[in-house]
Amino acid sequence: MSTGDRANIHISVIPMQGSEGVHGNLVLIHDLSFVARRSQDTKNYFVALITVLGCVIALITVFVAHVSWRGWVNGTRAILRGEGLLRPFSSPPSFELQPLAGDLRQMLREFEAERRANHQDETGWTPNRLKELLNSELRGDEVIVLSNREPYIHEQTPQGIVVKRPASGLVTAVEPVMRACSGTWIAHGSGSADRIVCHRNDRVPVPPDDPSYTLRRIWLSEEEEQGYYYGFANEGFWPLCHVAHVRPVFRQGDWEQYKAVNRKFAEAVIEEARTDDPVVLVQDYHFALVPRMIKERLPNATIITFWHIPWPNPESFSICPWQRELLLGMLGSTIVGFHTRYHCKNFIETVDRVLEARIEHEHSLITVGGKETQVAAYPISIHWPTQEEIDALPDIATCRAILRQRIGVPEGQRIAVGVDRFDYTKGILERLHAVERLLEKHPELRGQFSFVQIAAPTRSSLEEYQNFQARITRTVERINGRFHVDGRPDPICLIAEQQDSYTVNTFFRGADTCVVTSLHDGMNLVAKEFVAARDDDQGVLILSRFAGAASELPEALIVNPYHVEETADALYRALNMSSEEQSERMKSLRTIVRSYNVYRWAGHMLIDAAQIRQRERIAARVGTSIQEQRPDAR
């Protein structure tokens, strides 16, 4: 073997060791040239394999990038425009961006929920706090309120022009908001001296004693008022939404007037708006078409429609011949608010039944035609009286004396009071039947108990209301005749006339109990007003389970007004309740009503509106920037 050959040979000696020590050596002879050649071949094979794989991967990467890059870019631009976050995608984005859009949208909602929570301290809601919120969240944005009923009515009398505040839950709730945030209130001018006191363009500063906002009055002809208000709104919409076992009446002529008057009010909003993006608070069922009419002219306006009455289930609402037009009109709103979540649920289900809409039940969002509407519950409340306002009323003992004198009863007489408009939805008839049953079951109360019913006349030109008022009068006369005790007052005193707030609060403070037996009510503020008046922590509230207030005031005696026996028993329990139990219940009720006051109601709506406005403004700015950067825009 030559020297070169020997150089390629390597000898290895490996000792072999068993369990008992070394047994020998294993001799391995390697041909190193062969090993080297095999090593080089293996190396070349792996290099080639890696090269081929690299080329394949590169080709796949280029192909995927080419296919997906356009989708990524378009999808990202869509998100920056607000699509998928503020509105649906105008065209389907790349599938990779859909989870990203969903994550960003959820993060934005969580951020807004956290911001709202920072404002939702349930104590200390005052006009000043509402002003601070408006300054911080809306930064002085213009606020316009739209309602049928005006907050102040000027009437011509022999003594001159007098100013009246109408008995309206809506006015009670919204007027303090306008005092806090200023702005313009647009309403139907119905007073005999309303035109006389108006300044230029039908405007008048209010309140008269301390003007803080502007009232813009709209004039309606007798035909318009008959068709829009008495006809469609109150013979059709009112019984429909209250499911009050009164047949709704729908006439084509009333519908035409309703549309025309809604257009008139929408035009007034547009005239009053000083900016292209005002905050417009549309109040109640009189203006279901107005939001879309405003949005067509002021697309940047933030419109909050608050529905002060119940919303029925889809089957009941389907009675209305123009249900589609009404729903589309309401969905011109940025936010649609109801008193309770139950009414929100009914509204969403109605939209789902009637319209082609995308509904996000988790977030209560309805999208129609690419426009989102938030549906939310905002339980309305009252202005909690200040100590000065309470001090202006007579003390409790004096209030009792005034009430006894007013109805002609002796000292020691047990008194319950009801305060309502003369409306078939308020359960006045059922309440009278409960009083009758109480006197049947407890004869010892005859001549010792009086029920006072204040019933303010309303919509007296409608036949249904005329018949109802006549029926109540006949029922009162029958019960009084049946349970009359010689030398004692009648058990029921019916006061069928409007009373001012001073008189009503005097009655609240002087009575032993207040009875609210609505057959169906959005909220019912009488219950809360009674609680607010009782700073002595006495008195008992009897409250219908079908009033929205029942979910907020569990310490009241909750009754089914259709169950006469149950209401009669609740009356008896209230009249015999110990002072200690009354105090416990009333303190709890007063804490709730004080905290959940009208400023909280307005504050929560305005916070939501402010957050939506902020998102829309950001989206608009980003969208404009992208548009300017497009080649075709240069």
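Residues numbered from 1 in each chain as written. Predicted model: local features only at pLDDT ≥ 70, side-chain atom pairs only at ≥ 80, totals over all residues. Heavy atoms only, no water.

Chemist: Teacher, can you tell me more about the side chain of His242 here?
Modeler: Topologically, His242 is positioned in helix H7 (residues 222–242). Residue His242 is classed as buried on the basis of its relative accessible area of 1%. Within the structure, His242 has its side chain in polar contact with the backbone oxygen of Trp238 (distance 3.0 Å). Apart from residues lying up to four places away in sequence, His242 is in contact with Ile309, Pro310, Thr425 and His520. (Helix = DSSP H or I, 4+ residues; strand = E, 2+ residues; numbered from the N terminus. Buried < 20%, exposed > 50% of the residue type's maximum accessible area, 1.4 Å probe, protein only. Polar contact = N/O pair within 3.5 Å; in protein donor to acceptor, adjacent residues only side chain to side chain. Contact = heavy atoms within 4.5 Å.)

Chemist: Just to check I follow, could you spell out helix H18 (residues 526–533) for this structure?
Modeler: Side chains of residues three or four places apart in an α-helix project in the same direction, reflecting 3.6 residues per turn. In terms of burial, H18 is largely enclosed, as 7 of its 8 residues are buried. Among all positions in H18, only Val526, Ala527, Lys528, Phe530, Val531, Ala532 and Ala533 are buried. The inward-facing, buried residues of H18 abut helix H13 (387–391), strand E15 (414–421), helix H17 (501–510), strand E18 (513–516), strand E19 (540–544) and helix H20 (579–595).

Chemist: Is there a simple way to think about the pairing of strand E3 (residues 143–146) in this case?
Modeler: Looking along a regular strand, one sees side chains alternate from face to face of the sheet. The side-chain alternation of E3 yields two buried faces, one formed by Val143 and Val145 and the other by Ile144 and Leu146. In the sheet, E3 pairs with strand E9 (residues 279–283) via 4 bridges, with the strands oriented parallel. Bridge pairing in E9 places Leu146 opposite Val282. Two elements, E3 and strand E6 (residues 184–188), share 3 bridges in a ladder whose sense is parallel. Paired with Leu146 across the bridge in E6 is Ile186. (Pairing = 2+ DSSP bridges.)

Chemist: Any chance you could explain the confidence of the model for the protein chain here in plain terms?
Modeler: The predicted coordinates of low-pLDDT regions are not to be read in fine detail. Scored by pLDDT, the protein chain comes out at a mean of 84, with 78% of its residues at no less than 70. Counting interchain partners and residues more than four positions distant, the pLDDT-below-50 stretch residues 1–36 has 35 contacts. Confidence over residues 78–98 falls short of pLDDT 50; this stretch has 50 contacts with residues more than four positions distant or in other chains. (pLDDT = per-residue confidence, 0-100.)

Chemist: Just to check I follow, could you spell out the packing of aromatic side chains for this structure?
Modeler: How two aromatic rings sit relative to each other is given by the distance of their centres and the angle of their planes. What the rule picks out here adds up to 29 aromatic pairs. Measuring from centroid to centroid gives 6.4 Å for Tyr228 and Tyr229, while their planes differ by 50°, and the two rings are tilted. In terms of burial, Tyr228 and Tyr229 fall into one category: buried. When the ring of Trp311 is compared with that of Phe338, the centres are 6.1 Å apart and the planes differ by 70°; the resulting orientation is edge-to-face. Of the two residues, Trp311 is situated in the loop between strand E10 (302–306) and helix H10 (314–317) and Phe338 in strand E11 (residues 335–338); the sequence distance between them amounts to 27 residues. As far as burial versus exposure is concerned, Trp311 and Phe338 are alike and both buried. Above the ring of Trp125, the side-chain terminus of Arg129 is found at 3.9 Å from the ring centroid. The positively charged end of Arg459 is found above the aromatic ring belonging to Trp238, 4.3 Å away from the centroid. (Phe/Tyr/Trp six-rings, centres within 6.5 Å; stacked < 30°, edge-to-face > 60°. Lys NZ or Arg CZ within 6 Å of the ring centre and 35° of its normal.)

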